[in-house]
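# Summary of structural features
Each chain, letter by letter, is given below.
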Amino acid sequence: MAGEAASRVLERLRAVEWCGDWDFAFGHVKSRRVLLREYLRRSALWARAYSAEEAWPFFDVTPYAAPEFVLAPELAGALREFLGGIGYVEVGNTCAGAVRLAELRSLEPGIGAGLPDLYEPLLLFYERGGEFFRDNAGFLELTGVRYRHGPLAGFLGGAPLTRLDGLVLDALDAEGRVTYHRAADGRGPLLRRRVLGDVRTDELFGPDLRWWPAQGETGPVVVDEGEAARFIGAVADGEGPVWNLGPGY
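The structure reproduced in this document is the subject of the present report.

What counts, and at which threshold
- Residues numbered from 1 in each chain as written.
- Predicted model: local features only at pLDDT ≥ 70, side-chain atom pairs only at ≥ 80, totals over all residues.
- Heavy atoms only, no water.
- Pairing = 2+ DSSP bridges.
- Helix = DSSP H or I, 4+ residues; strand = E, 2+ residues; numbered from the N terminus.
- Phe/Tyr/Trp six-rings, centres within 6.5 Å; stacked < 30°, edge-to-face > 60°.
- Buried < 20%, exposed > 50% of the residue type's maximum accessible area, 1.4 Å probe, protein only.
- Lys NZ or Arg CZ within 6 Å of the ring centre and 35° of its normal.
- Core = buried A, V, L, I, M, F, W, Y, C linked by side-chain atoms within 4.5 Å.
- Contact = heavy atoms within 4.5 Å.
- Salt bridge = Lys/Arg side-chain N within 4 Å of Asp/Glu carboxyl O.

What follows covers the sheet that holds strand β2 (residues 140-141). Pairing in this open sheet of three strands is antiparallel, and the strands run β1-β2-β3 from one edge to the other. Unpaired on one side and paired on the other, β1 (133-134) and β3 (146-147) mark the two borders of the sheet.

Further remarks concern the packing of aromatic side chains. Aromatic ring pairs are reported here in terms of the distance separating the ring centres and the angle at which the planes meet. By the definition in use, this model includes 15 aromatic pairs. Ring geometry for Tyr88 and Phe133: centres 5.4 Å apart, planes at 20°, overall stacked. Linking Tyr88 in the loop between α5 (73-83) and α6 (89-107) with Phe133 in strand β1, this pair joins segments that are 45 residues apart in sequence. Centroid distance Phe205 to Trp211: 5.1 Å. Interplanar angle 70°. Geometry classified as edge-to-face. Relative accessible area serves as the criterion here: at 1%, Phe205 is assigned to the buried category. Taken together through their ring pairs, the aromatic side chains of Trp18, Tyr39, Phe58, Phe82, Tyr119, Phe125, Tyr126 and Phe132 make up a single cluster. The side chain of Arg32 reaches across the aromatic face of Phe125, ending 3.9 Å from its centre. Here Arg146 stacks its cationic end above the ring of Phe139, 4.0 Å away from the centre of that ring.

Here we take up the pairing of strand β6 (residues 199-205). Inspection of the sheet shows strand β5 (residues 191-196) paired to β6 by six bridges, in the antiparallel sense. Of the residues in β6, the one forming a bridge with Val195 is Arg200. Where β5 hands over to β6, the hairpin turn is made up of two residues, of which Gly197 adopts a positive phi near 65°. Of the pairings in the sheet, the one linking β6 to strand β7 (residues 211-213) comprises three bridges and is antiparallel in character. Residue pairing in the sheet places Leu204 in a bridge with Trp212 of β7. The hairpin turn running from β6 into β7, its antiparallel successor, is five residues long, and Leu209 in that turn takes a positive phi close to 70°.

So, on to the nonpolar core. Core analysis: the largest hydrophobic core is formed by 70 residues, its most contacted members being Leu13, Trp18, Leu36 and Tyr126. Those elements that provide at least two residues to this core are α1 (4-14), α3 (29-49), α5, α6, α7 (120-127), α9 (166-172), β4 (177-182) and α10 (225-236). The residues touching Leu13, leaving out its near neighbours within four places in the chain, are Trp18, Phe82, Cys95, Val99, Leu123 and Tyr126.

Our focus in this paragraph is the pairing of β4. Where β4 and β5 come together, five bridges link them in antiparallel fashion. Bridge pairing in β5 links Tyr180 to Arg192. Of the strand pairs in this sheet, β4 and strand β8 (residues 221-223) are connected by three bridges, and their pairing is antiparallel. Directly across from Tyr180, in β8, lies its bridge partner Val223.

Using the criterion set out here, one finds 21 salt bridges in the structure. Ionic pairing is found between Glu11 and Arg14, a salt bridge with its closest N-O pair at 2.4 Å. Placement of both Glu11 and Arg14 in helix α1 is noted, with a separation of three residues, approximately one turn of the helix. For Glu11, a relative accessible area of 44% gives the class partly exposed.

In C-alpha cells, the structure reads:
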C-alpha cells in the first residue's frame with residue numbers, strides 16, 4: 001500500500017524521546033557510537049553510489065537517487081509537521097531522508113540495490129537516546145561523549161555490522177570505561193575489561209550470550225567496539241568460536 005513504509009518510519013521517529021532522559025542516553029552511548037559509525041559507513045557507500053559526496057554524511061539521499069521523486073501530499077505534510085520539532089539540521093535531514101527513502105524504495109525496489117539499509121543504524125541510534133549535535137569544534141556530541149569522524153574515504157572499506165538487534169547492542173552497553181580484548185591470533189573468546197571507579201572487572205562473552213567473570217588473563221590484543229559487536233553477532237548466529245568457559249559455568 002502506498003505510503004505504508006514511509007508511515008512506519010515516521011511513527012518510529014515520532015516515538016523517539018528526542019530530548020529525553022540523559023541517563024538513558026548515556027547508558028546507551030557505547031551502542032550508539034557503534035550505530036553511528038555503521039551509519040557513516042553505509043552513508044559513504046550510498047553517497048559514492050549516487051554522487052552525493054558533497055552532502056555526506058548526514059543527508060537525504062533521495063534527491064540524488066531519484067530527482068523527480070516527491071512524497072504524496074498527505075505524507076509530505078505529516079513529515080513537515082514532525083520536522084518542525086527537530087532542532088538540528090543534520091538530524092532533520094536524516095529523518096526526512098529515512099521517511100522519503102522508505103517510500104521511494106517501496107515504489108522503486110531497484111533503488112539502492114546491493115547497498116545496505118541506509119538509515120536503519122541511525123533510526124536505532126535515535127531510539128536509544130535521541131538526537132546528536134555538532135559543536136563549534138566540529139565534534140559530534142552523543143550525550144556525554146564527543147566523536148569526530150574522518151573523511152568519507154575512510155569509511156568505504158570498513159567492515160560491515162550486519163546484526164543490529166537488541167542482543168548485540170545491549171551487550172555493548174555497560175557502566176564504566178570499557179575496552180575489548182582478544183588473542184593475537186583472532187581466535188578464542190572476547191574479553192571485556194571494565195573499570196568502574198577503582199574496580200576492574202574482566203568478563204568473557206560466552207556461548208550462552210552472556211558475560212561471565214574471566215578466570216585469568218586472556219586476550220592481549222585490544223579490539224574496537226565495532227569488532228566486538230561483530231563477534232557478539234557471530235556468536236548469536238552460531239558462527240562464532242566455541243570454547244569451554246571452565247568449571248562452574
